[in-house]
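This is what each chain is made of:
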Amino acid sequence: MITVQRRAAWIVLSLAFAACAPMDALDGDGGGDAARDGRTDASDRDERDARGERAEPADASEDSSAASDGGSIEDSALLVDVARVEDTAAIADSGALIDVAPDRTAPPSGPTLYAANQTHSPITESVQRSMRAIATRGGMDNTFAKVGDSQTVYESGFMVCFGGASVDLAGRDALAPTIAHFRAGRIAGVNPYERRPLSAVVGWSSGAPLAGSPSPLDQELAAAQPRFSLVMYGSNDSQVRNLPVYGENLWEIAERSIARGAIPVLTSAPPRGDSMIADQWIPWYAHVARAVAQAKQVPFVDLERVLRAAPSFGLSGDNLHLSRSPRGSCVFAASELRYGQNQRNLLTIEALDRARRSLAAGAPALDPPGASATGDGTLASPIAIATLPFADHRDTSRGGSMAFDRYSCSTANEGGREYLYRLDLRAPARIHALVLDRGTVDVDLHRLTGPSASMCAARDDRQLVADLPAGTHYFAVRARESTSSLCFARGDLSLDGPRGSEFDRPSTFDATAFAFVLSVVDDPGESLLREETKAKKNLVEYARRMKAEFFADLSAS
């Protein structure tokens, strides 16, 4: 058993989706129109500067509300259990925190759970069945659509190089048939690699491809008739910091793709080196993207996880966009995988290869049966949170129970059905629970010290944060008849530096961050800021590593 270095973890109890309705902003920041239409985005600032328009700071927040997409989606509950940003690497076996381990001998009876320590989500029988069912709805087997922002446009180098001869697989010859398979496809006369997609535009956030009638996404799906829909958003969404709208948008993108026979392949956004504020939100967005993919049992690629370990996070000189090797972004020698777009291209063609082979007639599932959630969410059989991180998808209109009408921590009549989750901790842990909902369904979150409504310790529309002792704890996700309400979440500042350590000197970002942290920690005067900064072990460690790497001549603090 691997020992987890940090005992703290975040749980995100997320996402109940139903018919569309306005959504309030996360943490008081906006995100509706701005997030859905993509009008104010970090990756767009260079273009707006060129046009003489005002560019917002990279970590600017917006003030708006979510626009209706005019669709109708099932009432679904999605549970996401997220490790803290600074715990991502250390929590590979965070089941060490859990008393009740999953039953590895029993055959899984539900959808496959997607672990947070995997770059490619598993393709089990459950996932294979889901993908094959989607493929029966239409689409051409040798085309795909690209859906994204400036990281995905033609000029970014995403997948374009596979359309020509500048490909160096560096020994990964097994990928060649899949590359050739899609190179033979045609969308308006060009192969899907070289197509300039209607659904990927500089400056877009996750809602932009859904805007209008027909929307850019609908137009691209109609033109490409794709078998796969390659989706990556989050870089721009992270500055708006509205997880509910982001989750809603990804869900809608997935729904529209599936309706046309296109299997969504969701990819987490890369880290952001230009804004500490935005970057601390990137893992949250990655976990939401993984949760949506798991709910639909479609492929997920964790690019963020891979690039966290890459020099400069695989970013270019602006610390925002993915870098590309001078030798080409389809060169996959080990020395070239430090470039972000090269890494993304490799992971994407691997995901397409895995999915394509899984769809072949008579092909077995690529991966063995994985873990699935146990329990039905009732008082008699709570859903067990057997590992951390954890995600679970439920429909509050079709399951759960109505054991509790009221909770002792609230006077509200909840009125709907609930799902009960059980968490058994071996050691104390800080738990951050966030419930997100969509549309006419209002899902509330309750923390219980026991399986009884009289044992309710806390309730909130969106999030609960608590330092829990070792022992058994319960969470109830309850739907009631209401409209949407306040959404917010909080993240701890985290730096994974030194960034740019492969160079002779630190980046401007690193030098600035290091100088700030050092000036606060070394300030001889007493202040709340100094004490709070010193208490952040990740910041102190970052400063220590920066000092050892670049500023060893400084006097000891």
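Within any chain, residue numbers begin from 1 and follow the written order of that chain's sequence. Given that the model is predicted, a residue must reach a pLDDT of at least 70 before its local features are reported, and side-chain atom pairs must reach 80 or more before they are shown or counted; all residues, however, enter totals for whole chains, interfaces and linings. Only hydrogens and water are set aside when side-chain values are computed; all heavy atoms of the structure are taken into account.

A. Here's a closer look at the pattern of salt bridges. We define a salt bridge as a side-chain nitrogen of Lys or Arg found within 4 Å of a carboxyl oxygen belonging to Asp or Glu. Applying the stated criterion across every chain, the model contains 18 salt bridges. Of the charged contacts in the structure, one is a salt bridge between Glu 252 and Arg 256, with a shortest N-O distance of 2.8 Å. With Glu 252 and Arg 256 both in helix H7 (residues 243-259), this residue pair falls 4 residues apart, about one helical turn. Judged on exposure class, the residue Glu 252 and its partner Arg 256 are both buried. With a closest N to O distance of 2.9 Å, Asp 424 and Arg 422 form a salt bridge. Partly exposed residues are those whose accessible area sits between 20% and 50% of the maximum for their type, while under 20% is buried and over 50% is exposed, using a 1.4 Å probe and protein chains only. Asp 424 sits in the buried class, given a relative accessible area of 7%. Look at the salt bridges and you will find they share partners, linking Asp 168, Arg 327 and Glu 336 into a network. The numbering of helices and of strands both runs from the N terminus, where a helix is a DSSP run of H or I of at least 4 residues and a strand a run of E of at least 2.

B. How the structure looks around the state of the cysteines. What counts as a disulfide here is a pair of cysteine sulfur atoms lying within 2.5 Å. Counted by the stated rule, this structure contains 2 disulfides. Between the sulfur of Cys 161 and that of Cys 330 lies a disulfide, 1.9 Å long from S to S. Since a negative S-S torsion denotes a left-handed disulfide, the Cys 161-Cys 330 link at about 70° is right-handed. Residue Cys 161 is located in the loop between strand S3 (144-148) and helix H4 (176-183), and its partner Cys 330 is located in the loop between helix H10 (303-307) and helix H11 (340-359); the two are separated by 169 residues in the primary sequence. Exposure remark for Cys 161: the relative accessible area of 15% places this residue in the buried category. What connects to what in the chain, once the bonded cysteines are numbered by sequence position, is 1-2, 3-4.

C. View of the packing of H7 against helix H9 (residues 282-296). The angle between two axes is taken between their N-to-C directions and runs from 0 to 180 degrees, where each axis is a line fitted to C-alpha atoms and a helix contributes only its stretch in contact. Taken N-terminus to C-terminus, the directions of H7 and H9 make an angle of 35°; their axes are 10 Å apart at the nearest point. In the packing of H7 onto H9, the handedness of the crossing is right-handed. Packed against H7, whose contacting residues are Leu 243, Tyr 246, Gly 247, Leu 250, Trp 251, Glu 255 and Ile 258, the element H9 presents Trp 284, Tyr 285, Val 288, Ala 289, Val 292, Ala 295 and Lys 296 at the interface. Amino acids outside the nonpolar list (Ala, Val, Leu, Ile, Met, Phe, Trp, Tyr, Cys, Pro) and the charged list (Asp, Glu, Lys, Arg) are all regarded as polar, and Gly is one of them. Of the residues that constitute the contact of H7 with H9, the class distribution is 11 nonpolar, 1 polar and 2 charged. When the near helix sits turned anticlockwise from the far one by under a right angle, the crossing is termed left-handed; a clockwise turn instead gives a right-handed crossing. Here a residue-residue contact requires only that any non-hydrogen atoms of the pair lie within 4.5 Å.

D. Molecular detail of unusual backbone geometry. That bond from Ser 213 to Pro 214 is cis: its omega, 0°, falls within 30 degrees of zero. Checked against the element boundaries, Pro 214 lands in the loop between H4 and helix H5 (216-224). With phi around 60°, Arg 241 is a residue other than glycine that occupies positive phi space. Following the sequence through the fold, Arg 241 ends up in the loop between helix H6 (237-240) and H7. Of the residues examined, Arg 241 reaches a relative accessible area of 10% and is grouped as buried.

E. A look at helix H3 (residues 125-135). Taken residue by residue, H3 has Ser 126, Val 127, Gln 128, Ser 130, Met 131 and Ile 134 as its buried positions. In this structure, the buried residues of H3 make contact with H7, strand S5 (263-267), H9 and H11.

F. Fine view of the packing of aromatic side chains. Only Phe, Tyr and Trp rings are paired, with Trp represented by its six-membered ring, and only when their centres lie within 6.5 Å; those with planes under 30 degrees apart are stacked, over 60 edge-to-face, the remainder tilted. Within the structure shown, the criterion is met by 8 aromatic pairs. Judged by centre distance (6.0 Å) and plane angle (45°), the rings of Phe 162 and Phe 332 are tilted. In this pair, Phe 162 is assigned in the loop between S3 and H4 and Phe 332 in the loop between H10 and H11, connecting sequence segments 170 residues apart. Using a relative accessible area of 0% as the deciding quantity, one classes Phe 162 as buried. Site record: aromatic cluster; members linked through ring pairs are Phe 144, Phe 162, Phe 182, Tyr 193, Phe 228 and Phe 332. Think of it as a cone above the ring: NZ of Lys or CZ of Arg counts as a charge over the ring if it is within 6 Å of the ring centre and within 35 degrees of the ring normal. It is Arg 196 that lies over the ring of Tyr 154; its NZ or CZ is 4.0 Å from the centre. Cation over ring: Arg 344 sits above Phe 158, and NZ or CZ is 3.6 Å from the ring centre.

G. Structural context of the packing of H5 against H7. It is at 10 Å that the axes of H5 and H7 come closest, and there the two elements cross at 25°. Overall, the two elements H5 and H7 adopt an arrangement that is roughly parallel. Of the two possible hands of crossing, H5 and H7 adopt the one that is right-handed. For the pair formed by H5 and H7, the contact residues are Leu 217, Asp 218 and Leu 221 on the first element and Ile 253, Arg 256 and Ser 257 on the second. Grouping the amino acids of the contact of H5 with H7 by side-chain chemistry returns 3 nonpolar, 1 polar and 2 charged. In what follows, roughly perpendicular refers to angles from 65 to 115 degrees, roughly parallel to angles under 35, roughly antiparallel to angles over 145, and oblique to any angle outside these ranges.

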